[in-house]
Amino acid sequence: MKPATRLYLYLSLSLVACLVLVPLVTTALGGFKSLGDLRVNPFGLPEQWVWSNYTDILFGERYWRQMGNSLLIASVTVFLTVVVSAMAAFTFAHVKFFGAAQLMNYFLIGLMFPVATAILPLFIRIRDLGLLDSYWGVILPQVAFGLGMSILLFRNYFRNLPDELFQAAFVDGCGYIRFFWHVSLPLSRPIVATVSIVSFVNSWNSYILPLIMLNTETKYPWPLGIMVYRGEFGTEWQLVLAFITLTILPTVIVFFLAQKHIIAGLTAGAVKS
Amino acid sequence: MTEMTASVAAPAVALRTVKYKSPTARGRLPVLILFLPPALLLFTLFVILPMGEAAWYSLYRWNGYGTPTDFVGIRNFSVLFNNAAFTQALVNNGLIIVVSLLLQIPLAIWLAMMLAHKITGVVTFRLIFFLPYVLADVAAGLIWRFVYDGDYGLFAAIAGFFGVATPYVLADRDLAIYAVLAVIVWKYFGFHMMLYIAGLQAVDRSVLEAAEIDGATGWQKFRYVTLPLLSSTLRLSVFFAIIGSLQLFDLVMPLTGGGPSNSTQTMVTFLYTYGVTRMQVGLGSAVGVVLFVICVTLAFGYKRIFMRHD
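Keep in mind it's a predicted model, so treat the numbers as computed, not measured.

Chemist: Could you give an account of the UniProt feature "transmembrane region" (unreviewed entry) in chain B, naming the residues involved and the relevant values?
Modeler: Residue and element names in this part refer to chain B. The sites that carry the UniProt feature "transmembrane region" (unreviewed entry) are, in the present numbering, residues 29-49, 95-115, 127-146, 152-170, 177-198 and 281-302. Helix makes up 100% of residues 95-115 and strand 0%, with an end-to-end C-alpha separation of 29 Å. Along residues 127-146, the helical share is 90% and the strand share 0%, with 24 Å between the first and last C-alpha atoms.

Chemist: Please give an account of the interface of chain A and chain B that cites residues and values.
Modeler: Across the boundary between the two partners, chain A contributes 76 residues, which contact 81 residues of chain B. Split by residue class, the side of chain A that touches chain B holds 56 nonpolar, 15 polar and five charged.

Chemist: Account for the environment of Val287(B), naming residues and giving values.
Modeler: Residue and element names in this part refer to chain B. Its location among the elements puts Val287 in helix H15 (residues 281-306). Sequence separation of Val287 and Phe270 is 17 residues, and the distance between their C-alpha atoms is 8.2 Å. In this structure Val287 touches Leu80, Met267, Phe270, Leu271 and Gly275, once residues within four positions along its chain are discounted.

Chemist: So what's going on with the packing of helix H1 (residues 3-30) of chain A against helix H13 (residues 237-257) of chain A? Which residues, and what values?
Modeler: All names here are of chain A. The contact between H1 and H13 brings their axes to 7 Å, and the two run at 115 degrees. Crossing hand, H1 versus H13: left-handed. Facing Thr27, Ala28 and Gly30 of H1, the residues of H13 in contact are Trp237, Gln238, Leu241, Ile244 and Thr245. When grouped by side-chain class, the residues that make up the contact of H1 with H13 number four nonpolar, four polar and no charged.

Chemist: So, the nonpolar core: which residues are in play, and what are the values?
Modeler: Grouped together as the largest cluster of nonpolar side chains are 157 residues, with contacts concentrated most on Ile119(A) and Ala139(B). Two domains each put at least three residues into this core: domain 1 (3-54) and domain 2 (61-233) of chain A.

Chemist: Explain the domain arrangement of chain A to me, using residue names and the numbers behind them.
Modeler: Along its sequence, chain A is organised into domain 1 (3-54) and domain 2 (61-233). For domain 1 of chain A versus domain 2 of chain A, the separation of C-alpha centres amounts to 37 Å.

Chemist: Now, about the packing of helix H7 (residues 135-160) of chain A against helix H10 (residues 189-205) of chain A: what can you tell me, with residues and values included?
Modeler: All names here are of chain A. Across the interface, H7 lies against H10 with an axial gap of 10 Å and an inter-helix angle of 160 degrees. Our classification of the angle between H7 and H10 gives roughly antiparallel. Considering how the two elements wind past one another, H7 and H10 form a crossing that is right-handed. On H10, the residues that touch Gln142, Gly146, Ser150, Leu153, Phe154 and Tyr157 of H7 are Ile191, Thr194, Val195, Ser199, Asn202 and Ser203. Of the residues in the contact of H7 with H10, the class split is five nonpolar, seven polar and no charged.

The rules behind each value
Residues numbered from 1 in each chain as written. Chains lettered and ligands numbered in written order. Predicted model: local features only at pLDDT ≥ 70, side-chain atom pairs only at ≥ 80, totals over all residues. UniProt positions renumbered as here; feature names shortened; annotations may be inferred. Helix = DSSP H or I, 4+ residues; strand = E, 2+ residues; numbered from the N terminus. Contact = placed C-beta atoms within 7 Å. Nonpolar A, V, L, I, M, F, W, Y, C, P; charged D, E, K, R; others polar. Axes fitted to C-alpha atoms, helices over the stretch in contact; angles between N-to-C directions. Left-handed = near helix turned anticlockwise from the far one by under 90°. Core = buried A, V, L, I, M, F, W, Y, C linked by C-beta atoms within 7 Å. Buried ≥ 20, exposed ≤ 12 C-beta atoms within 10 Å, placed from the backbone. Domains from an automatic or database assignment. Parallel < 35°, antiparallel > 145°, perpendicular 65-115°, else oblique.

The structure is reproduced here in structure tokens:
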């Protein structure tokens, strides 16, 4: 490669990398500044490192409660999505029954429109079921809207498992349910991982559903909590920045630790459906 | 087990046909009764019925209590299309699609092409570019609200450096939407880049080498070899860009909340502001119906026109 080409590549890539990183790094650094420092010097290192912005949040209850709420909602969502969609997908892949194709298409309708389209009737339904302001009010619609894609991913995967397994198991007198539990699921770890990553990330970052379904601040997951925090502290940007940094920190850490799986999961989840 | 398979191996052909016609009818009914209803129930209750109800409610004026009785026909829809904020939202959604297609996707392809070279640091660059996509829209929106802030943010410092008056971008009716568009590109280009990186890995190197031997320039190689081979990735990426643009909400709320004076409203922020917070169920449902019709038309039309070969 010519040195000029190399230079051009590195310059362009570094420029874009800077555009991505500068907002993130200045946010993290801004959390260490005093408000006056932030005003005169938003780009540079803090004049004095004000650790208390971060430690006050870390020793407070609020941050942990929001993270805990998000984690709880996301975990239950992932568990239910995987179990419910794997079971349904199994019947589509292995059991021949009348109307199977039509029923599969029925689930695929869910791929075509976002939650927002039906948000008002959904709110009324959740209210009438008495689930308003409860975690279930967020979890159940999230699971339901994730079903279309998850069932599709699981069905395609189950279908590609070798036929011989199926026949051998049946000759040995193994029923469908035992086959599902002892053969299909253990062999499906990659697709379980993909579905889990997609539904976890969606739930962890989800904003509109909890915004509409939850009223009590102690139940808020972090995307709602962070907006409330910003509303409360207004222009005390140093605190808001520290809070933002701490809330995205888990995502960033997990992303760097498991980048291969997360990138593969999020792109494959999109492409394969 | 091994003994079993060994003895079965000989009449395998016969067995396969027999076994396949009635694959152990044992447990077929129980499995259907156990495995299908949870998905069916959840999906019907929280996806299909609400969508149907949205179509129904959109014909009423209703505040969400009791049952809808005040039938108004298609008035909600005519109110909608005569509402300046909603037409602005439609224009903005269109603008977001245009910017996604003309700016974000070329940027993504350009970066993917650069990262296809074998140079050190490729993996790191790829990670950095994908990072914004992993962050929640709400967090990204708040970060950029700080960046744009005219008193404490990065824009204030940049303006100060050049000695010009500080722009309050997000409070400016004419500028705010461009500020939002920039954040959208920042947030999502990495996802599209990953699609193209995956697409490029499937491109056969020898075809490119053949073109090179025939004396094709860099641009010619890209235009006549790489791009056609990327076409299925391109169609996919365009599809995601359009569908994603239509449902934009989370990113706009922390940045502008649809303001100033509705200049950054999208369909979903409009639905939230006018339908949900004011409990105008009829009007809000009408927005949902419009969004649904656009999404479904696009999905079917796009599949029919562009994706029939895939």
